[in-house]
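Observations on chain architecture
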Amino acid sequence: MNLKAGLLSLVVVCGACSQVPQKEDVVKDSFDFAGRQLKYAIAQVDSAKTKLAEEGSQKKPVSPRAIEDDGSFKMVASRDWTSGFFPGELWYMYEYTQDDYWKEQAQAFTANIEDQKTNSGTHDMGFKMYCSFGNGYRLTKDATYKDILMQSAAILTSRYKPTVGCIRSWDHNSDKWQCPVIIDNMMNLELLYWAFRESGDSTYYNIATNHARTTMKNHFRADYSSYHVVDYDTLTGSVLHRQTHQGYNDESAWARGQAWGLYGYTMCYRETKLPEFLSQAENIANYIFTSPAMPEDLVAYWDFNAPNIPDEPRDVSAASLMACALYELSMYNAEKAPLYKRWADTIVDSLSKNYRAPLNGDYGFLLLHSTGARTFERDVPLVYADYYFLEALLKKAKLEKEGTAIL
Ligand code: GLY
């Protein structure tokens, strides 16, 4: 082949190359969408607040939570357990884009919930403060944020019951439960491990680790599915009863509960390197992903034992959480890493392709089809589904680029 003919064939080949669709970058595509959609969400929040002020309402909503069954926008006050997720999403936007617009928005929404640092009436401190101030501190090293987080962690430890070996979750329904501990509480331990790392005070480490161990002992069934609530006798520390309050029934496996457990034990392994937590996380993953109730796109139904699968709502929030946990879990088992990453990638691809809200619709939520509980928020967008989706995207990007999914 002479030079001219060679160049010509190269041009032909390259022309053909340009016809081949490039592998889609799900992370970039999703963050591009999230950036536009979250600007719309901020406008929705502003107009909802203006309307309330004009009506003379005493309500002080700070962040979006969901869409109500009647189609209205559900905003929450700082005391709600979900108030930290929207600020957290804005921090994730800042992390991805490094654009100061997102930093300023994140700072403003984060500041709105500072009053929660002294709220000792809830175990949800971690959800509220670590997702907002925690991400803010990680990204800015703002010393004020550190102080607020340390105060929050100290308050959270006031709920620890040494006889039980757990942090008490709920104070409501005290006629029904003595010391209820819910599987969700595993997530709040991350704030305590952070406080241990920052302060060197082993009290935080010990409380978190005891809580994780007690939960491992009492919340799980032989197949590694978990109950939602375990109620303890405050005097003896013994188990009074086990329930699944937000799921289908007491013996069912509520999808988000399984996801809290998976994420929780993966995080506990990261923080302690105790093998018992790694094997717990892997056993939970095995339960979830070998369940016959898991659909092909790996976006779980809201409860693995819901009676009408496949005609049951999904829970995108559970799926987002599972993806976050699996990216990290893939770092801890070289043999299973491809499997865990494949499951996580399948979830992320499914969510970005088939569960996305319309641009400038649905009050600016990113994803549709989450389920809060058996009796409320069924098949709606939920702020924490969006938060953990953005987290999963960041973890995926970091894992692929730097070999670590730890943000
Ligand atoms: N932490 C409450 C819930 O998962 O609904």
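Description of the structure in this document. Since the model is a prediction, treat every value here as computed from it, not as a measurement. (Residues numbered from 1 in each chain as written. Predicted model: local features only at pLDDT ≥ 70, side-chain atom pairs only at ≥ 80, totals over all residues. Heavy atoms only, no water.)

Some thoughts on unusual backbone geometry
As a reminder of what qualifies: Strands here are runs of E lasting at least two residues and helices are runs of H or I lasting at least four, both read from the DSSP assignment and numbered beginning at the N terminus.
Here the residue pair I309 and P310 is connected by a cis peptide bond, since its omega of 15 degrees sits within 30 degrees of zero. Mapped onto the secondary structure, P310 falls in the loop between α10 (275-289) and α11 (316-329). For Y363, which is not a glycine, the phi torsion comes out positive at approximately 55 degrees. Note on placement: Y363 falls in the loop between α12 (337-354) and β8 (370-371). A positive phi angle is found at D379, which is not glycine, with a value near 60 degrees. Looking at the element boundaries, D379 is found in strand β9 (residues 378-380).

Considering the layout of surface pockets
For clarity, the threshold we go by: Using protein atoms alone on a 1 Å grid, points that fit a 1.4 Å probe yet trap it form a cavity, whereas open point sets bounded by protein on both sides within 12 Å along at least five of seven lines form a pocket; residues with an atom within 4 Å of a point count as lining. Grid points are joined across faces, edges and corners, and a volume is the space filled by probe spheres set on the points.
As a volume, the largest pocket reaches approximately 950 Å³. Along the wall of the largest pocket there are 43 residues; nearest its centre are R65, K74, M75, V76 and D80. Breaking the lining of the largest pocket down by element, the ones donating at least two residues are α2 (26-54), β2 (73-76), α5 (125-140) and α9 (255-272). Ranked by residue count, the leading element in the lining of the largest pocket is α2, at five residues.

Some words on the side chain of N188
Cut-off, in case you're wondering: We call two residues in contact when some of their heavy atoms are within 4.5 Å.
With respect to the helices and strands, the residue N188 is situated in the loop between β5 (179-182) and α7 (189-199). Not counting chain neighbours up to four residues away, the residues in contact with N188 comprise H123, D124, M125, G126, F127 and L156.

Brief notes about the nonpolar core
Defined as follows: By convention a nonpolar core is built from buried Ala, Val, Leu, Ile, Met, Phe, Trp, Tyr and Cys residues, the set being connected through side-chain atoms within 4.5 Å. Partly exposed residues are those whose accessible area sits between 20% and 50% of the maximum for their type, while under 20% is buried and over 50% is exposed, using a 1.4 Å probe and protein chains only.
By size, the foremost hydrophobic cluster in this structure holds 120 residues, and its most contacted members are L189, F304, M322, L326, Y388 and L390. By size, the runner-up hydrophobic cluster in this structure holds six residues, among which are V164, C166, C179 and V181.

Remarks on the site of the ligand
For the record, the criterion: Each residue is tested against the molecule or strand, and it is near if at least one of its non-hydrogen atoms lies within 4 Å. Whenever a nitrogen or oxygen atom comes within 3.5 Å of another N or O atom, the pair is scored as a polar contact, on the condition that within protein one atom can donate a hydrogen and the other can accept it, and that pairs from neighbouring residues in sequence are kept only if both atoms are in side chains. Areas reported here follow the Shrake-Rupley algorithm with a probe of radius 1.4 Å; residue values treat only the protein chains shown as occluding. Think of it this way: a molecule belongs to a cavity or pocket when more than half its atoms come within 2 Å of the grid points there.
Taken together, W81, D184, Q246, W254, R256 and W260 make up all the residues around the ligand. Here an oxygen atom of the ligand and a side-chain polar atom of Q246 are 2.8 Å apart. At 3.0 Å, a side-chain N or O of W260 approaches an oxygen atom of the ligand. In isolation the ligand has 200 Å² of accessible area, and contact with the protein removes 92% of it. Of the pockets mapped on this structure, the ligand occupies the largest pocket.

Describing the side chain of D80
By the element assignment, D80 lies in the loop between β2 and α3 (85-97). Discounting residues that sit within four places of it in the chain, D80 has contacts with R65 and K128.

Points about empty space enclosed by the protein
Throughout the structure, instances matching the rule amount to one cavity of 30 Å³ or more. Put simply, the largest cavity is a space of about 30 Å³. For the largest cavity, the full set of lining residues is L38, A41, P64, F86, E89, G364, F365, V383 and D386. At the level of secondary structure, the elements contributing two or more residues to the lining of the largest cavity comprise α2, α3 and α13 (383-402).

Brief notes about the state of the cysteines
What counts here: Cysteine sulfur atoms that come within 2.5 Å of each other are treated as a disulfide pair.
For the structure shown, the criterion picks out zero disulfides. Free of any disulfide, C179 has its nearest neighbouring cysteine sulfur in C166, separated by 7.1 Å. The class for C179 is buried, based on a relative accessible area of 0%.

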